[in-house]
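Listed here are the chains, written in short residue letters.
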Amino acid sequence: METESEPYVRLATLRQLHQVVAELNKARSLADTLQAVVDGIVSGLGYELACVNLVRPDGDLVVAALAGNPAAEALITGRVGSRASWDRRLSMGESWGGLRFIPHTEGWVLIEDDVPQWHTEGPEPRFEDEWHPEDRLYAPMYASGGELLGVISVDKPRNGRRPGAWGQEALQMYAFQAAIAISNARLRANMQRALVRLEREQQALRASEESFRQAFEYAPSGMAIAEMGGDQHGRLLRTNDALCRLLGRPASVMRRYSFSDLVHPEDIGTLLRTSAEGGRAELRLARRDGSYVWVSLRNSVVADAADGPRFLLTHVEDIEERKRHELQLAHRASHDSLTGLPNSAELRSRLSARLCRRPQQSTQASAVEALDAAFEGRDAFEGGAAVGPHGFPVDGYGADGYPAPDGYRVDSGYDHHVHTVAPASDLDDGTKGLAVLFCDLDGFKSINDRFGHHTGDAVLIEVARRLTNGVRDGDTVARLGGDEFVVLADGLGAADAADLAVRLRNAIIPPIRVDGRAVRVGASFGIGWASCGMSADEVLRSADQRMYIEKRSRSKAQRRAG
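Residues numbered from 1 in each chain as written. Predicted model: local features only at pLDDT ≥ 70, side-chain atom pairs only at ≥ 80, totals over all residues. Heavy atoms only, no water.

A. Region of interest: the pattern of salt bridges. On inspection of all chains with the given rule, the structure shows 31 salt bridges. In this structure, aspartate 129 engages arginine 161 in a salt bridge whose closest nitrogen and oxygen atoms are separated by 2.9 Å. Of this pair, aspartate 129 sits in the loop between helix H5 (104–107) and strand S6 (136–142) while arginine 161 sits in the loop between strand S7 (148–157) and helix H6 (165–217), and the two are 32 residues apart along the sequence. Among the salt bridges present, the one from lysine 323 reaches glutamate 282, with a minimum N-O distance of 3.4 Å. Here glutamate 282 lies in strand S10 (residues 280–286) and lysine 323 lies in helix H11 (residues 320–334), a separation of 41 residues in the sequence. (Salt bridge = Lys/Arg side-chain N within 4 Å of Asp/Glu carboxyl O. Helix = DSSP H or I, 4+ residues; strand = E, 2+ residues; numbered from the N terminus.)

B. Region of interest: a nonpolar patch on the surface. On the surface, a cluster of nonpolar side chains totalling about 290 Å² of accessible area is made up of Trp108, Val109 and Ile111. Within the secondary structure, isoleucine 111 is located in the loop between H5 and S6. (Patch = residues over 30% accessible without salt bridge, like charges linked within 9 Å, V, L, I, M, F, W, Y side chains within 5 Å. Areas by Shrake-Rupley, 256 points an atom, 1.4 Å probe, with all protein chains shown as cover.)

C. Spotlight on the sheet that holds S6. Pairing within the open sheet is antiparallel, and its 7 strands lie in the order S3-S2-S1-S7-S6-S5-S4. Of all strands in the sheet, those with a lone pairing partner are strand S3 (80–81) and strand S4 (94–96), marking the two edges. Two strands pair when backbone bridges link them, and strand S1 (residues 47–55) and S7 are joined in this way by 7 bridges, in the antiparallel orientation. Opposite leucine 49, over in S7, you have aspartate 155 as the bridge partner. Across the sheet, helix H2 (residues 30–44) touches S1, strand S2 (61–67) and S7, and the angle it forms with S1 is around 155°. (Pairing = 2+ DSSP bridges. Contact = heavy atoms within 4.5 Å. Axes fitted to C-alpha atoms, helices over the stretch in contact; angles between N-to-C directions.)

D. Main features of the sheet that holds strand S15 (residues 433–442). Spatially, 4 strands are ordered S16-S17-S15-S20 in an open sheet, and the strand pairing comes out antiparallel. Whereas interior strands pair on both sides, the edge strands pair on one side only; in this sheet they are strand S16 (476–481) and strand S20 (522–530). Averaged over neighbouring strand pairs, the angle between their axes works out to 25° when direction is ignored. One ladder, built from 9 bridges, connects S15 with S20; its direction is antiparallel.

Structure representation (structure tokens):
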């Protein structure tokens, strides 16, 4: 029927096709695009009914848009047909190029499948190419990769006839353009969703950064961010107000430093050991005024992004008060509460640190020989164990099975312990050693009995002061208990020790004024010598015995005081 008017039909159809394709490109959303597709078919391609069945992510097809019949639109829009049923429809019937036509003579087998469908009422066809109400015409739409996007279904051509060759070509061209428009609409929708998601993520990131900034800036304890790795490892990038106040330095100045610039020289090793993630340390940091404050550092490694640079986040807590309290407790545990001198336990600890369990083999060895032996580095084997030059093996245990003394380890064949030796006799033979002066006050009990413990305590405090003033820096004055004191003086010969005992006795004898009253005490000194191979108790017992010998050698009148 298109033979005589074919040129006109083609031109009119091209105009209509151009107009409806233009409308497709005006749609902004996917829903608008789908509706524009079916509206274009009804308004421009001469069909009274059209719908778009869109492929869902699960593969089934849903009626996404319908035009031409409000009742049909309300009934089947949103309903789903299985992919298997659609594949069956697209594989049967007649192939009109890219279209699929199923005549009513074959379509009756599809009435009971699950594809949503709508049939218009109408008379039976009177001639061969007239459209039957149960004829079906489908235009599949494919993406650029060849996957099925959806199917356009049309019904009831307005001229009542099956479309001719040009009508079929026009529907195929429109289906191709509709596939492009739907793909673009999906792309825009995906981009919009991605942009919305990105904006939300950025908002969440900004909120997280702001939350971190506030937590960082207004934290009650110090916080710092430092570089990790590279030439600038450890350099402070950011510090909060609490840390700046703690160290007395503004943030602009803090950025010039790293913690290694601020740490106490004695604590630099501790700092280096805590550079790893989760490292903790207690150390001292320098304030602007030159003083040091005890802090607790807690480190964690954070990344700027998934593959971005790593930074060291450091939490700095002021523990000055706790450390002061700990030092006070330690001082109380190791010092006499009355005089402030080291107590008996501290005295024994200091003395033991100088002693080892094996005596020097030759007490007459020269200083040069002692140094040669100390750094000789030879290994011997006693009972199969590698030992150092003084009988202590490299594993830290002696040949007798006892551990080496504290502070004495031979880790590489070298003996780093310098033996403590004693003069061979009371005559000064040039040997220098660690003198132990045991002091017992004479007449102190009578002062306690006559004037009370208050006066006795004051006497002990003054005696402690006089003894401390009478020795060198580095010497130890300790209160052993009661009215007994001990002095440790290293590097003395026999004559030096005797002179020191005389000086200290003379320092104690002058009157001590307590509450306007002058009292006097005397002092008896015994000189012992510390030597490797002796224990601390043995050294003190030796000095104590010599003190009693010296005390008994003087008359009571000579010892009487006060």
